[in-house]
Amino acid sequence: MSDRVILDNVSRFYGEVLGVNRVTLSVPPGITSLVGPNGSGKTTLMNLIMGLVRPTRGDIRVLGISPTDPERLFRLCGYATQFDSFPRGMTGFQFISSYLRLSGMSHADCQRTTAFAIGRVNLGEAAHRKIAGYSKGMRQRIKLAQAIAHNPRVLVLDEPLNGLDPLVRSETIALFREFAAEGRHVIVSSHILHEVDTISDQVILMSNGYVVAEGQIRGVREEMSEHPMQVIIRCTRANLLASRVFEQENVVEVRLHADGGGLLVKTRDADRFYKALNHLALDGIGIESVAPADDNVNSLYEYLIGGEDR
Amino acid sequence: MRQWLSQIGLVVRLEMRKTFFSKRGIWVYLLALAPVLIFLGHSLSEISNRNERRAMNAAHPVSTEALRAIARGLSIEEVVEKVGEPFQKLEFHRPRNSFDIYRYTDGESVYVFAFQNNRLENIDRRDRDTIPKDALIFAGVFQFFYLRLAIFFGCVGVFTNLFRGEMLDKSLHFYLLTPVRREVLAVGKYLAGLVATVVIFCGSTFLQMAALSLHFEGNEIAEYLSSGGWGHVASYIGVTAAACVGYGGIFLAAGLLFKNPIIPAAIVLVWENLNLFLPAALKKVSVIFYLQSLSPVIPPTDAGMSTIQKLLVTAAEPVRPVWAVVGLLTVTILVLAVAARKARKLEINYSTD
């Protein structure tokens, strides 16, 4: 059995609208990030790999298995989609165990496996609450728990870090690393390059349905180092956070939001900045959300894609 | 195969809660319960009338034989001499004519004697409902309303939602990300819908018959049941289940093939009701053709009915029950095969669904 996820000249059109075009990839085990702005074809590519949509042209094999064979594919694969909707009326535990039973596990194994998966994403206390009452971050984590519950060899995650607070974000990244260290595939998508560059073994950059670059991240990071990144933070005590953040060497600019409930930070080293932010969060400043600014991502893409042309 | 069966069972269990307790499905229960309420109302009204007749008979006792011996041409005095004073008397006097209405009851039937100028001109006997009479009423409601509307639209609601409802909720992909063949999923969902509709509509059929028989005496019911009544009960429940099997398959496929289930529902409704006018070969590609052949009682086609009503209740060329069952199952399996094929190629694209 092949140990790669292979796409051979895959195209997908929605009528006359391009989803992805002529994508040829051979993804090895490890963490692979699919990065591109909104509408670049990341989700279509993931849906193609997992058989939720069919290619108009080309062939896909996941560890040698066709996505049209769900009986074999989903014993080896787990997929957390970006759809933020769940079957009505279910608790987190019921949600995972119900679908897990379909893989043929006994009731007892299913209960044990579900509890373990929920524990891995630190949702134990909320496991028996209705998903409808979960926060965005909790919903992201329960989807992740469902994707990993059957211990898949290929884990595909669409924007898995969206809506997670810094602490949970770092725990989730640690989980990806754990999976990758065991020789599994972890394919994650993000429209924020900084979000995934530190964890990825390789990056696939997408734009307008095409793969514009792929390979190891080092080269890309070197190019990015001169390009400051903008981060939007919503928090309590924004003045205090602004003064603390500005003490960081990597921060080049801080702007307070007009409502006093947040700030915009420009940094030259996102890794260091996020680490420092985690410490600040522990010092009593309530951080509600952290999100890189989209405009900056788009400009980064223009920069990177333009760089290819140079 | 064993694994598929086990997965079908699990899908049925997962779907059961959604089909039975979905807020969207409340109207299905209302459709199923409507005839129960109608028959219950009828029975309660009959019970009330019977009690009234018995009370009148106690106040003005008269035997059935005496009332039946009254013949036209008798005078009021002669009638009163034979059967006593009526429980209700109405008089109308005109310059040249006088009209008198005398109402009697033996506790079971009401006799209305109409006198003109002191001569008995007309006798109208209104018997209480009998089981054979109510059986014909039931057959009419069953064919006109229950099969063609209640079960039909109930199945539209339940079966089209099995896939389409989850697409609207954006939760169908969770099934498609499990190691389950799409065809197995389609069969599991169909069976879940079938269990729900059979329980709801067969339960309603039974309750309708129970409600309708409420006003009969125990011995009358026992006699009816022992002389073929159980066969009728079983047949009606069987026809109800068969309707769920047939319409369920069609609307499961419709939910997969069409974004808006109202369009296929309207097309099927027209097709089913045009059945009588179709050529022989096409008649067999419908559900109602087989259901009419299986129905135990053909509703009466009396003079008051319109031509269309008569056509609707008249089976074109009834086939033997065994062939009706085989034909219905064949149509259903063919439609389910189309649904399974569509499920196999199903794509998740919620934004356009």
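Here the structure is a predicted model, which means the values were calculated and not measured.

1. Notes on the overall build of chain B
Part 1: The secondary structure content of chain B amounts to 13 helices and 4 strands.
Part 2: Taking 2.2 N^0.38 as the reference for a compact globule, 353 residues should give roughly 20 Å; the C-alpha atoms of chain B span a radius of gyration of 27 Å, well beyond that estimate.
Part 3: Referenced to the eigenvectors of the C-alpha coordinate spread, the extents of chain B come out at roughly 90 × 40 × 40 Å.
Part 4: Considering only residue pairs separated by 6 or more positions, chain B has 78% of its internal contacts joining residues 24 or more positions apart.

2. Looking at the overall build of chain A
Part 1: Counting its secondary structure elements, chain A contains 11 helices and 13 strands.
Part 2: By its C-alpha atoms, chain A is 55 × 50 × 35 Å across when sized along the principal axes.
Part 3: When burial is assessed residue by residue, chain A has 43% of its 310 residues classed as buried.
Part 4: Long-range pairs, those at least 24 residues apart, make up 66% of the contacts in chain A between residues at least 6 apart in sequence.

3. Considering the interface of chain A and chain B
How big an interface is tends to be stated in terms of accessible area lost as the parts join.
Part 1: Taken together, the contacts link 22 residues of chain A with 21 residues of chain B.
Part 2: Mapped onto the side of chain A that touches chain B, the elements with two or more residues apiece are α2 (70–76) and α3 (92–101) of chain A.
Part 3: The greatest single-element share of the side of chain A that touches chain B, amounting to 4 residues, is contributed by α2 of chain A.
Part 4: Looking at the side of chain A that touches chain B residue by residue, the class counts come to 11 nonpolar, 6 polar and 5 charged.

4. Concerning the sheet that holds strand β12 (residues 262–267) of chain A
Consider a sheet: its strands pair through backbone hydrogen bonds, and that pairing is either parallel or antiparallel.
Residue and element names in this part refer to chain A.
Part 1: Pairing is antiparallel across the open sheet formed by 4 strands, whose spatial order is β11-β12-β10-β13. Single-partner strands in this sheet number two, and they are β11 (251–256) and β13 (287–292). Within the sheet, the average angular offset between the axes of one strand and its neighbour, ignoring direction, is 20°.
Part 2: Here β11 runs beside β12; their pairing, made up of 5 bridges, is antiparallel. Residue pairing for β12: Val-251 is matched across the bridge by Thr-267.
Part 3: Against the sheet, helix α9 (residues 238–246) engages β10 (229–235), β11 and β12, with an angle of about 170° to β11.

5. Focus on the sheet that holds strand β1 (residues 88–93) of chain B
Residue and element names in this part refer to chain B.
Part 1: Reading across the sheet, the 4 strands line up as β1-β2-β3-β4 and stay open at both edges, with antiparallel pairing between neighbours. Each edge of the open sheet is held by one strand with a lone partner, namely β1 and β4 (119–126). Ignoring which end each strand starts from, the neighbouring axes of this sheet average 15° apart.
Part 2: Where strand β2 (residues 98–105) meets strand β3 (residues 110–116), 7 bridges bridge the pair, whose relative direction is antiparallel.

6. Details of the nonpolar core
Part 1: Formed by 136 residues in total, the largest nonpolar core has its most connected members in Ala-145 and Val-156 of chain A together with Ile-151 of chain B.
Part 2: Leaving out residues up to four positions away in the same chain, Val-156 of chain A has contacts with Met-46, Ile-49, Met-50, Cys-77, Tyr-79 and Ile-187 of chain A.

7. What about the environment of Val-27 of chain A?
All names here are of chain A.
Part 1: Within the secondary structure, Val-27 sits in strand β2 (residues 17–27).
Part 2: Its 21 C-beta neighbours within 10 Å are what place Val-27 among the buried residues.
Part 3: It is 9.6 Å that separates the C-alpha atoms of Val-27 and Ile-204, two residues lying 177 residues apart in sequence.
Part 4: Not counting the four nearest positions on each side in its chain, Val-27 is found in contact with Arg-4, Val-5, Thr-32, His-185 and Ile-187.

8. A closer look at helix α8 (residues 218–257) of chain B
Given 3.6 residues per turn, any residue in an α-helix points the same way as the ones three and four places further on.
Part 1: For α8 of chain B, built from 40 residues, the straight-helix expectation of 58 Å at 1.5 Å per residue is missed by more than 12%, its first-to-last C-alpha distance being only 51 Å.
Part 2: For α8 of chain B, the principal kink sits at Gly-228 of chain B and spans about 75°.

9. Looking at the domain arrangement of chain B
Part 1: Under the domain assignment, chain B is made up of domain 1 (2–47 + 130–344) and domain 2 (51–126).
Part 2: Taken over C-alpha atoms, the centre of domain 1 of chain B sits 48 Å from the centre of domain 2 of chain B.

10. Section: unusual backbone geometry
Comment: phi is negative for the bulk of residues other than glycine, and the bulk of peptide bonds are trans.
Residues and elements named next belong to chain A.
Part 1: Of note, Leu-63 is a non-glycine position whose phi angle comes to about 50°, a positive value.
Part 2: For Leu-63, the position within the fold is in the loop between β4 (57–62) and α2.
Part 3: A positive phi angle is found at Glu-159, which is not glycine, with a value near 50°.
Part 4: By secondary structure assignment, the location of Glu-159 is in the loop between β6 (154–157) and α6 (166–181).
Part 5: On the basis of neighbour count, Glu-159 is assigned to the buried category, with 21 C-beta atoms found within 10 Å.

11. Digging into the packing of α8 of chain B against helix α13 (residues 321–344) of chain B
When two helices pack together, you describe them by how their axes are tilted relative to each other and by the distance separating the axes.
Residues and elements named next belong to chain B.
Part 1: Two elements in contact, α8 and α13, have axes whose closest approach is 9 Å; the angle formed by their N-to-C orientations is 25°. By the angle class used here, α8 and α13 are roughly parallel. With respect to the hand of their crossing, α8 and α13 are arranged in left-handed fashion. On α13, the residues touching Ala-242, Val-245, Gly-246, Gly-249, Ile-250, Leu-252, Ala-253, Leu-256 and Leu-257 of α8 are Leu-328, Val-331, Thr-332, Val-335, Leu-336, Val-338, Ala-339, Lys-342 and Ala-343.
Part 2: Classifying every residue of the contact of α8 with α13 by side-chain character gives 14 nonpolar, 3 polar and 1 charged.

12. A word on the packing of helix α2 (residues 26–59) of chain B against helix α5 (residues 131–169) of chain B
Residues and elements named next belong to chain B.
Part 1: Direction vectors running N to C along α2 and α5 enclose 170°, while the axes themselves pass 9 Å from each other. In terms of their interaxial angle, α2 and α5 are classed as roughly antiparallel. Mapping the contact onto sequence places Trp-27, Val-28, Leu-31, Ala-32, Ala-34 and Pro-35 in α2 and Val-141, Phe-145, Tyr-146, Ala-150, Phe-153, Gly-154, Gly-157 and Val-158 in α5.
Part 2: The class makeup of the residues in the contact of α2 with α5 is 12 nonpolar, 2 polar and no charged.

Calculation criteria
Residues numbered from 1 in each chain as written. Chains lettered and ligands numbered in written order. Predicted model: local features only at pLDDT ≥ 70, side-chain atom pairs only at ≥ 80, totals over all residues. Helix = DSSP H or I, 4+ residues; strand = E, 2+ residues; numbered from the N terminus. Rg over C-alpha atoms; globule rule 2.2 N^0.38 Å. Contact = placed C-beta atoms within 7 Å. Buried ≥ 20, exposed ≤ 12 C-beta atoms within 10 Å, placed from the backbone. Nonpolar A, V, L, I, M, F, W, Y, C, P; charged D, E, K, R; others polar. Pairing = 2+ DSSP bridges. Axes fitted to C-alpha atoms, helices over the stretch in contact; angles between N-to-C directions. Core = buried A, V, L, I, M, F, W, Y, C linked by C-beta atoms within 7 Å. Expected span 1.5 Å × (residues − 1). Bend = angle between axes of the 7 residues up to and from the residue. Domains from an automatic or database assignment. Parallel < 35°, antiparallel > 145°, perpendicular 65-115°, else oblique. Left-handed = near helix turned anticlockwise from the far one by under 90°.

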